[in-house]
Amino acid sequence: MINENIFRLYDLRGIYPQEINEETTYQIGRCFILLLKKKNKKKKLKIAVGRDIRESSPRLFKGFADGVRDEGGDVVDLGLITTPMLYFAVSKYDYDGGVIITSSHNPNPFNGLKMTREKAIPVAGDSGIFWMRDYLLKHEFVKEKNNKIKRGRISKKNIEKEYIQSNLKLARIKKGELKGISLSIDAGNGVGGPIILKILKNTGIKVYPLYCNPDGSFPNHVPDPMIQDNLRDIIKLVKEKKSDMGVALDGDADRVIFINEKAEPIPGDFITALMAKIILEELPLSKRKKSKILYDIRSSNIIKESIKEGKGIQFCIGHSLIKEKMRKDNIIFGGEMSGHYYYGEKLFYEIPFVVLLKILKRIKKEREPLSKMISPFQKYYHSGEINFVTEKKEEKMKKLKKMYSKGKITEIDGLRIDFDDFWFLLRPSNTEPVLRLVIEAKNKDVFAKKKQELIKAINAPFK
């Protein structure tokens with residue numbers, strides 16, 4: 001029986017081999033073809049499949065590929081790739097769908113699958129994952145020859161060269177253009193190390209690589225750059241090499257965290273603000289005011305305030321929802337505090353290395369450090385996420401909504417309430433008994449007061 005808990009809002013994820021294994025992915029592979037055929041009436045579907053460096057990924061790949069083929073689909077084996085490379089391949093080569101075997105930033109023994117339809121349109125909870133869960137809880141595919149279905153083929157394709165060229169073209173980088181700039185990189189032994197080094201090879205930049213050799217045991221640290229402790233080595237390297245900047249990648253390289261020349265990590269919303277400035281300045285004047293920039297609901301108010309030209313769009317968190325919103329409203333760029341950055345312009349998927357290249361190009365052009373570029377956005381006091389373990393998520397949210405009912409209430413993703421001098425966001429985790437609090441205030445005293453007040457209110461027991 002398949003474990004229903006592996007079916008998440010944005011992907012499938014579980015512990016190998018107890019929760020997810022070769023048999024599980026076989027069942028998912030066959031069900032994935034059924035899902036796609038609900039809308040795609042082609043007789044033969046071609047599915048791109050890649051994987052990360054985890055030790056269990058080859059076995060999960062085999063199970064999934066066998067399932068796709070037994071259901072009549074063809075498999076294009078992309079080999080070891082990053083998640084953005086999967087989206088690139090599905091979009092560029094007009095595949096009918098795609099899957100990457102990865103558990104992103106999670107530690108071993110986790111593994112999972114990220115799925116997409118044609119044109120790199122994500123398969124999320126309500127757009128297919130939960131349908132697959134419900135179907136597989138009631139049906140089990142049997143591994144035996146089906147004379148009614150001709151088994152699909154499997155072929156290999158290397159997309160590396162095209163992907164590298166695409167990044168350089170989108171960033172408008174010429175050969176040797178970044179000479180004189182230095183960059184420290186921590187790839188966390190994930191799949192992103194080799195490809196980022198190859199992208200940077202001909203730019204002229206001086207690179208200081210750290211943990212860029214893929215190793216599925218992740219011997220140095222878990223590839224999750226959102227955890228401060230995992231940034232210690234890259235911070236140390238930036239200091240030692242006195243590099244102009246540093247970056248840390250997550251396990252499947254769809255997120256990037258930036259470190260300035262002072263070895264200070266930069267919040268993701270500030271990078272969104274900087275990229276908005278860069279992208280809008282590249283556009284003709286006639287297009288700037290019509291262009292839209294998306295930022296997540298956790299982001300500082302300075303993001304919207306700093307978008308002088310163009311329009312800032314505050315939206316909920318989550319890559320599939322953001323990509324859908326960007327397609328629908330033709331949004332040119334989007335960013336999350338977690339280090340996900342999305343490009344519009346008919347792509348609508350993560351472009352971490354394009355963001356990196358554009359910022360490096362701006363450093364070279366302006367001849368000023370990254371810290372100075374970011375300083376205009378450091379206006380308010382922002383807490384980041386504060387986590388609370390509780391089984392009474394909904395009750396506590398209702399309580400705070402009543403307590404702060406005089407503010408401007410927004411409920412597109414959790415509960416956000418804005419006042420003149422501060423705002424806070426309270427969001428429930430989708431997978432854990434956890435509430436996440438974010439607070440921002442205009443001055444230090446209000447920040448300290450409201451932080452203490454909100455923490456006390458959330459922790460207070462119900463009578």
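Just so it is clear, the structure is predicted and the values come from calculations on it, not from any experiment. Counting of residues starts from 1 at the beginning of each chain's written sequence and follows it residue by residue. Per-residue local features of the predicted model are confined to residues with pLDDT of at least 70, and side-chain atom pairs are confined, for both listing and counting, to 80 or more; whole-chain, interface and lining totals are unaffected and use all residues. In computing side-chain values, all of the structure's heavy atoms are included and hydrogens and water are not.

The next thing to look at is the packing of helix α8 (residues 268-282) against helix α12 (residues 352-366). Helix axes are fitted only over the stretch in contact, all axes being lines through C-alpha atoms; the angle between N-to-C directions runs from 0 to 180 degrees. Secondary structure elements follow DSSP: runs of H or I of four or more residues count as helices, runs of E of two or more count as strands, with numbering from the N terminus. Relative to each other, α8 and α12 sit at 75°, their axes nearing to 11 Å. As far as their axial angle goes, α12 and α8 are roughly perpendicular. Facing α8, whose interface residues are Ile 271, Leu 274, Met 275, Lys 277, Ile 278, Glu 281 and Glu 282, α12 presents Val 355, Lys 358, Ile 359 and Arg 362. Classifying every residue of the contact of α8 with α12 by side-chain character gives six nonpolar, no polar and five charged. Orientation is classified from the angle alone, with under 35 degrees giving roughly parallel, over 145 giving roughly antiparallel, 65 to 115 giving roughly perpendicular, and any other angle giving oblique. Contact criterion: two residues are considered in contact whenever any of their non-hydrogen atoms come within 4.5 Å of each other. Polarity classes work like this: nonpolar for Ala, Val, Leu, Ile, Met, Phe, Trp, Tyr, Cys and Pro, charged for Asp, Glu, Lys and Arg, and polar for all others, with Gly in that last group.

In this section: the sheet that holds strand β16 (residues 349-350). Two strands pair under a simple rule: DSSP has to find at least two bridges between them. The five strands are arranged β13-β12-β14-β15-β16 in an open sheet whose pairing can be described as mixed. Strands with a single pairing partner mark the edges of an open sheet, and in this sheet they are β13 (311-315) and β16. The pairing of strand β12 (residues 292-296) with β13 spans five bridges and is classified as parallel. Directly across from Tyr 295, in β13, lies its bridge partner Gln 314. Each of β12, β13, β14 (333-335), β15 (341-343) and β16 is contacted by helix α11 (residues 319-329), which is oriented at about 30° to β15, the strand it contacts most.

The next point concerns empty space enclosed by the protein. A cavity here means a set of 1 Å grid points, computed over protein atoms only, where a 1.4 Å probe fits but cannot escape. A pocket is an open set with protein on both sides within 12 Å along at least 5 of 7 lines, and lining residues have an atom within 4 Å of a point. Grid points are joined across faces, edges and corners, and a volume is the space filled by probe spheres set on the points. For the structure shown, the criterion picks out one cavity of 30 Å³ or more. Computed from the structure, the largest cavity encloses a volume of approximately 50 Å³. Phe 88, Tyr 163, Ser 166, Asn 167, Leu 170, Tyr 349, Glu 350, Ile 351 and Val 354 are the residues that line the largest cavity. The set of elements that each furnish at least two residues to the lining of the largest cavity consists of α5 (160-171) and β16. The element best represented in the lining of the largest cavity is α5, accounting for four residues. Broken down by class, the residue content of the lining of the largest cavity amounts to six nonpolar, two polar and one charged.

Within helix α14 (residues 393-403), burial applies to Lys 393, Lys 396, Met 397 and Leu 400. Along α14, the residues classed as buried sweep out an arc of 100° about the axis, all on the same side. In α14, those exposed residues whose orientation departs by more than 90 degrees from the buried face are Lys 398 and Lys 402. Looking at the buried side of α14, the elements it contacts are β20 (415-418), β21 (422-428), β22 (434-441) and α15 (444-459). Only protein chains enter the accessibility calculation, which uses a 1.4 Å probe. A residue is then buried if its area is under 20% of the maximum for its type, exposed if over 50%, and partly exposed in between. To obtain the arc, one takes the directions from the helix axis to the C-beta atoms.

Moving on, we get to unusual backbone geometry. Note the cis peptide between Tyr 16 and Pro 17, where omega equals 0°. Mapped onto the elements of the fold, Pro 17 is located in the loop between β1 (12-15) and α1 (22-37). Residue Lys 119 is not a glycine yet carries a positive backbone phi of 60°. The topology assignment puts Lys 119 in the loop between β5 (110-117) and α4 (125-138). Residue classification places Lys 119 among the exposed positions, given a relative accessible area of 54%. Positive phi values are uncommon outside glycine, yet Ala 253 reaches one of about 60°. Relative to the helices and strands, Ala 253 resides in the loop between β9 (245-249) and β10 (256-259).

The next thing to look at is the pattern of salt bridges. Here a salt bridge means any side-chain nitrogen of Lys or Arg lying within 4 Å of a carboxyl oxygen belonging to Asp or Glu. Taken as a whole and judged by the stated rule, the model has 36 salt bridges. The shortest N-O distance in the salt bridge between Lys 62 and Asp 66 comes to 2.8 Å. On the criterion of helical spacing, the pair formed by Lys 62 and Asp 66 is a turn pair, its members being four residues apart in helix α2 (residues 57-70). Assessed through its relative accessible area of 15%, Asp 66 is described here as buried. Here Arg 427 and Glu 385 are joined by a salt bridge, their closest N and O atoms 4.0 Å apart. Of this pair, Arg 427 sits in strand β21 while Glu 385 is found in the loop between β17 (381-382) and β18 (386-389), placing the two residues 42 residues apart along the sequence. What you see here is one network of salt bridges that share partners, running through Asp 296, Arg 298, Glu 336, Glu 385, Asp 413 and Arg 427.

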